[in-house]
Amino acid sequence: MKLEKETRDADYNELFRGGDPSAYFNMRVSEFLPTAILPSRVGPMPLAENPMPRIGEVKAELMEASALEGPLSLDAFLDRHQGAQAFLVVHKGQVVYEKYPRMRPEDHHLWMSCAKPMASLVIDQLISEGRIDQNAPITDYLTDFKGTPWDGVTTRDVMDMGSGMDLEDTTESRFDPENVARRVYEAEFGFPNEIHGVEKLRDVLRGTPKLEEPGKAFHYASGLTQMLVFLAEAVEGDRWAQIFDRRVWSKVGAEGALQIHLTPDGIAAVHGLISSNLRDFARFGMLYTPSWDKIATEKVVTDEILARIHDEVRSHEFIMAGFDGPEFADRVGTDDFIGNSRQWDLVWPDGDMMKFGLMSQGLYVSPSRDLVIVYFNVSDQDLSAHRFARPIATSGLFDE
């Protein structure tokens, strides 16, 4: 009861700082926010198990912020790092590594920003159907944004986080009450901004100022993902939870329900407030692999969509020109990626894709290796959990 009260009394910064209130909130978001529940409509499609203990021996050099000495093996890291919640590797539809040092397999946990590709997937489906022109201004579809600085920003600019709008997520944005990124988060939780009071998310985004011309550089912003939510709803004439259920989740043989958490006025916070158990998190990643048919009744990530993700990466210079490009390179310990693409943070020359989430959630997909790596953490300072995914994928254990 004491921890629950601490969590309910916490402000935006405290909820995402790491520690006990963060852990409590991460696994019980449906007790704090309105939530849309997407059930497993086709019933569970079980994952086979084929343990590969050598995965736990893969080592990584930890980040400077870590209190642990590196390099450490994955097994040692999960055992010693107090923020490590769970880690799972799926190869060819089989669970080959799975550990839950600080949560239970059935527990729900926030995906944080690893949820962002959910939004881009729906938009890519609509692009494939000819219902969205990715090179047209997004205000052609969101007509109430016409006459604002959003004029001239295309759907592709928003997908690639190259909009040129001034709403980038930075560490400093947490502490500036005039910062649009901070106001986005406060509006989602119904927290009063000390200057503007309680605001609505759509109003905050409509008032976003322009920073530069679109398409010049990668500026990471959760508000851009929410623009994709508004876009899907405008084109489909439906709420986002129903759209995603109909198009994606109703085809997935999930073990549990998918929780889509909402703002006070019912907007799906798809940029990060999505919860599931770890295996169902992996099932989403598997939709991008050749083993999609082991967990779904329909191929929802088409070859055309995968090709767009891999072939339409802007450039290495594009991602490194923004605040987060060098930061992302530090998270994985290498800058050998091509760039970002369509809400995925990193894409490598071999086609592998990675998405980071606040407090070290992770989603790594290697279509060529038929490999998915997912993990949950509650750590705001030491993000070393990200250092293991790429070494695991390139360890040779999954190369034929």
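About the thresholds
Residues numbered from 1 in each chain as written. Predicted model: local features only at pLDDT ≥ 70, side-chain atom pairs only at ≥ 80, totals over all residues. Heavy atoms only, no water. Helix = DSSP H or I, 4+ residues; strand = E, 2+ residues; numbered from the N terminus. Polar contact = N/O pair within 3.5 Å; in protein donor to acceptor, adjacent residues only side chain to side chain. Contact = heavy atoms within 4.5 Å. Pairing = 2+ DSSP bridges. Axes fitted to C-alpha atoms, helices over the stretch in contact; angles between N-to-C directions. Buried < 20%, exposed > 50% of the residue type's maximum accessible area, 1.4 Å probe, protein only. Phe/Tyr/Trp six-rings, centres within 6.5 Å; stacked < 30°, edge-to-face > 60°. Lys NZ or Arg CZ within 6 Å of the ring centre and 35° of its normal.

This next bit is on the side chain of glutamine 125. Within the secondary structure, glutamine 125 sits in helix α5 (residues 116–128). At 3.3 Å, the side chain of glutamine 125 and the side chain of arginine 247 are in polar contact. Contacts of glutamine 125, omitting those with residues within four sequence positions, involve Arg247, Val248, Val300 and Ile305.

The strand order β2-β6-β5-β14-β13-β12-β11-β10 describes an open sheet built from 8 strands, whose pairing is mixed. Two strands lie at the open edges of the sheet, namely β2 (48–49) and β10 (339–341), each paired on one side alone. Taken together, the 5 bridges between strand β13 (residues 361–366) and strand β14 (residues 371–377) define a ladder with antiparallel strand orientation. Its bridge partner being in β14, tyrosine 364 is matched across the sheet by isoleucine 373. The strands touched by helix α14 (residues 324–332) are β11 (344–347) and β12 (353–357); relative to β12, the strand with the most contacts, the crossing angle is about 100 degrees.

A few words on the pairing of β13. Judged by how many residues are buried, β13 sits mostly within the fold: 6 of 6 residues are covered. Both faces of β13 are covered, namely the face carrying Gln361, Leu363 and Val365 and the face carrying Gly362, Tyr364 and Ser366. Joining the antiparallel neighbours β12 and β13 is a turn of 3 residues, in which methionine 359 adopts a positive phi near 65 degrees. Hairpin connection of β13 to β14: 4 residues between the antiparallel strands, including aspartate 370 at a positive phi of 55 degrees.

Quick look at the packing of aromatic side chains now. In the structure shown here, the tally under the stated rule is 23 aromatic pairs. Their ring planes at 85 degrees and their centres at 5.8 Å tell us that tyrosine 220 and phenylalanine 328 sit as a pair that is edge-to-face. Here phenylalanine 328 lies in helix α14 and tyrosine 220 lies in the loop between α8 (201–206) and α9 (222–236), a separation of 108 residues in the sequence. Summarising the burial analysis for this pair, tyrosine 220 and phenylalanine 328 share the class buried. Between phenylalanine 281 and phenylalanine 376 the ring centres are 5.4 Å apart and the planes differ by 5 degrees, which places this aromatic pair in the stacked class. Of the two residues, phenylalanine 281 sits in helix α11 (residues 278–286) while phenylalanine 376 sits in strand β14, which places them 95 residues apart along the sequence. Summarising the burial analysis for this pair, phenylalanine 281 and phenylalanine 376 share the class buried. Aromatic ring contacts, followed pair by pair, group Phe16, Tyr24, Phe25, Phe32, Phe189 and Phe191 into a single cluster. A cation sits over an aromatic face here: arginine 202 above phenylalanine 230, 4.4 Å from the ring centre.

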